[in-house]
Amino acid sequence: MIRTVESPPPVSAPVLAAYGYCETVTGQQARNFAYGIRLLPTAKRRAMSALYAFSRRVDDIGDGALDGEIKSARLEDTRALLTRVRAGEVEEDDTDPVAVALAHAAQAFPIPLGGLDELIDGVLMDVRGETYETWDDLKTYCRCVAGAIGRLSLGVFGTEPGARGGDRAPEYADTLGLALQLTNILRDVREDAAGGRTYLPADDLAKFGCSAGFDGPQPPEGSDFAGLVHFEVRRARALFAEGYRLLPLLDRRSGACVAAMAGIYRRLLDRIERDPEAVLRGRVSLPGREKAYVAVRGLSGLDTRHVSRLAGRRQI
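### Regarding the state of the cysteines
One pass over the structure, following the stated rule, counts zero disulfides. The closest cysteine sulfur to the non-disulfide-bonded C210 is located on C142, 18 Å from its own sulfur. The exposure class assigned to C210 is buried, which follows from its relative accessible area of 0%.

The following block contains the structure:
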């Protein structure tokens, strides 16, 4: 059982400074993530910021303009840093604040750091320009870049002692990560195409006449682009429904954090479903006031209670 750490020992000044750096990175670059982690107690919020800052570094290498060989080398350098963190070889006065913060977080919480290795593996798939023939192929990628983040986060959140089904929490966290990543893929389909990347499965693209790709604000001629989007939206909704079973297994504030982050993406999915071609015209996003509303809803526990009621009905 994953247990929550509620009373960590005092944090030294160098470590506080390292966490401060990670929280600044998170606040500046994590549009949706930051709304959720604001709801966490201090120790968990700091740990989540350290995870985000490390993950952001990995993503930035993959998304940068460097040659593929250089990207691969830098990703392996980042993996070597992770190995040092895992081995307890990062001192508080290390010059890399992300490494210092992550090392402290890994000591304070049972974080499965192997998930960050999976993230690096997933970004290497991007660097190699891999494409995905089937949903099963794409799931492998999504589990690396998003499912792993769900499992890493669960190490910080912990589960409620005695929660029924707590042993399935990593599975639910992984599935919720897949739901968020598929939503991201739909939202960014035009942006990714401009960067030479295609994530949606080739067999889905062929089924709806979209194999030509998305190089403009209009769908491929003769395609059923709306049908493709609605098909993927249904898949994402099924993943959300399964992943939301994580919520009743968490303490109130951790559940609020997850509900807020997932709720923002579910609302993005709603917008995409209503106007599929919007993703070809620009990035679909939510205004700040709507994100704030989702965060308040998460803190109120409405989503957690709803999932609990559904689970109770299934057991009758």
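Let us keep going from here.
### Some remarks on the pattern of salt bridges
Counting across every chain of the model gives 28 salt bridges. The salt bridge partner of R86 is D117, with a shortest N-O separation of 2.5 Å. Of this pair, R86 sits in helix α4 (residues 68–86) while D117 sits in helix α6 (residues 114–127), and the two are 31 residues apart along the sequence. Using a relative accessible area of 41% as the deciding quantity, one classes R86 as partly exposed. Looking at D117, the relative accessible area reads 15%, which means it is buried. Residues joined by salt bridges that share partners form a network here, namely E76, R79, R86, D117 and D121.

### Regarding the confidence of the model for the protein chain
Fine structural detail should not be taken from predicted coordinates in areas where pLDDT scores are low. Per-chain confidence: the protein chain averages 91 in pLDDT, with 91% of residues scoring 70 or above. This model gives residues 1–5 a pLDDT under 50, and the stretch forms 20 contacts once residues within four places in sequence are excluded.

### Let's talk about helix α8 (residues 169–187)
Between its first and last C-alpha atoms α8 spans 27 Å; for 19 residues at 1.5 Å apiece the expected length is 27 Å, and the two agree. For α8, a buried count of 16 out of 19 residues is recorded, marking the element as mostly surrounded by other parts of the structure.

### What to know about the packing of aromatic side chains
The full count for this structure, using the stated rule, is seven aromatic pairs. A centroid spacing of 6.4 Å and a plane angle of 10° characterise the contact between Y132 and Y199, whose relative ring orientation is stacked. With Y132 in the loop between α6 and α7 (135–157) and Y199 in the loop between α9 (189–194) and α10 (202–207), this residue pair connects regions lying 67 residues apart in the sequence. For Y199, a relative accessible area of 7% gives the class buried.

### Remarks on the side chain of S254
If you trace the backbone, S254 turns up in helix α12 (residues 252–274). Taking relative accessible area as the criterion, S254 reaches 0% and is therefore assigned buried. At 3.1 Å, the side chain of S254 and the side chain of K44 are in polar contact. A polar atom in the side chain of S254 sits 2.9 Å from the side chain of D251. Setting aside chain neighbours within four positions, we find S254 in contact with L40, K44 and F157.

### Here's the deal with the side chain of K44
Inspection of the secondary structure puts K44 in helix α3 (residues 42–63). With relative accessibility at 2%, the residue K44 sits in the buried group. Polar side-chain contacts of K44 include one of 2.8 Å to the side chain of D251.

### Observations concerning the packing of helix α1 (residues 13–29) against α3
Put simply, α1 and α3 touch, their axes get as near as 8 Å, and they point 65° apart. In this structure, α1 meets α3 at a crossing whose hand is left-handed. Judged by residue contacts, L16, Y19, C22, E23, V25, T26 and Q29 of α1 engage R45, R46, A47, S49, A50, Y52, A53, R56 and D60 from α3. When grouped by side-chain class, the residues that make up the contact of α1 with α3 number eight nonpolar, three polar and five charged.

Reading the values: rules and limits
Residues numbered from 1 in each chain as written. Predicted model: local features only at pLDDT ≥ 70, side-chain atom pairs only at ≥ 80, totals over all residues. Heavy atoms only, no water. Disulfide = S-S within 2.5 Å. Buried < 20%, exposed > 50% of the residue type's maximum accessible area, 1.4 Å probe, protein only. Salt bridge = Lys/Arg side-chain N within 4 Å of Asp/Glu carboxyl O. Helix = DSSP H or I, 4+ residues; strand = E, 2+ residues; numbered from the N terminus. pLDDT = per-residue confidence, 0-100. Contact = heavy atoms within 4.5 Å. Expected span 1.5 Å × (residues − 1). Phe/Tyr/Trp six-rings, centres within 6.5 Å; stacked < 30°, edge-to-face > 60°. Polar contact = N/O pair within 3.5 Å; in protein donor to acceptor, adjacent residues only side chain to side chain. Axes fitted to C-alpha atoms, helices over the stretch in contact; angles between N-to-C directions. Left-handed = near helix turned anticlockwise from the far one by under 90°. Nonpolar A, V, L, I, M, F, W, Y, C, P; charged D, E, K, R; others polar.

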